[in-house]
Amino acid sequence: MGVGVGQELEQAGRPVTIVTDVTNQCSFLAFWKGHKFSSLTMAQDGGPTGYEAFVPAIRIMSGQKPKVNTIFFPLPIITNDNIDDYYDPSMTVQSTCFANGKDRHLVTDAYYDQFFTGGEKAPALTP
């Protein structure tokens, strides 16, 4: 976990200047905000990822036809510029949650328009 690396550097008296993490754990974001170093991570929790898999299913059930047999979507990258979109002041270095963003979407529902044709408009979903 990224917090461990940052805490280990801090305990060794080394500067915490750049740390890269591969998860969007709340504990890492809390450490990041508390120490104001440069970093980046990806938003990739199971909940929002499951939601993104559900969007194409709803479109297919609405009669839309897929143009492709595989759909990929880009994972959002959390950086110093957009950390406030994911960070919540209640997060601490002891938190066990994932920082999923305010709307809990990894991409907009409109992102999927390019992969489907025809059928009815899919109902709006609330994650």
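Refer to the structure printed above.
Parameters and conventions
Residues numbered from 1 in each chain as written. Predicted model: local features only at pLDDT ≥ 70, side-chain atom pairs only at ≥ 80, totals over all residues. Heavy atoms only, no water. Salt bridge = Lys/Arg side-chain N within 4 Å of Asp/Glu carboxyl O. Helix = DSSP H or I, 4+ residues; strand = E, 2+ residues; numbered from the N terminus. Buried < 20%, exposed > 50% of the residue type's maximum accessible area, 1.4 Å probe, protein only. Core = buried A, V, L, I, M, F, W, Y, C linked by side-chain atoms within 4.5 Å. Patch = residues over 30% accessible without salt bridge, like charges linked within 9 Å, V, L, I, M, F, W, Y side chains within 5 Å. Areas by Shrake-Rupley, 256 points an atom, 1.4 Å probe, with all protein chains shown as cover. 1 Å grid on protein atoms, 1.4 Å probe; cavity = no way out; pocket = protein on both sides within 12 Å on 5 of 7 lines; lining within 4 Å. Points joined across faces, edges and corners; volume = space filled by probe spheres on them. Nonpolar A, V, L, I, M, F, W, Y, C, P; charged D, E, K, R; others polar.

1. Some words on the pattern of salt bridges
- In this structure the tally under the stated criterion is two salt bridges.
- A salt bridge links aspartate 84 to lysine 33; its shortest N-O distance comes to 2.7 Å. Of this pair, aspartate 84 sits in the loop between strand E4 (77–79) and strand E5 (116–117) while lysine 33 sits in helix H2 (residues 26–35), and the two are 51 residues apart along the sequence.
- Look at aspartate 84 and you get partly exposed, because its relative accessible area is 47%.
- Residue classification places lysine 33 among the partly exposed residues on the basis of a relative accessible area of 26%.

2. Topic: the nonpolar core
- In this structure, Leu29, Trp32 and Met91 are the most contacted members of the largest nonpolar core, which totals 15 residues.
- No other element matches H2, which puts six residues into this core.
- Membership of the second largest hydrophobic core comes to six residues, among which are Val55, Val107, Phe115 and Phe116.

3. Observations regarding a nonpolar patch on the surface
- Taken together, the side chains of Leu40, Met42 and Ile77 present a nonpolar region at the surface, about 240 Å² in accessible area.
- Relative to the assigned elements, leucine 40 resides in strand E2 (residues 38–42).
- We classify leucine 40 as partly exposed; its relative accessible area is 38%.

4. A few points about the layout of surface pockets
- Its volume calculated, the largest pocket comes out at about 160 Å³.
- Forming the boundary of the largest pocket are Val55, Ile58, Arg59, Gln64, Asp109, Asp113, Lys121, Ala122, Pro123, Ala124 and Leu125.
- Its residues assigned to classes, the lining of the largest pocket comprises six nonpolar, one polar and four charged.

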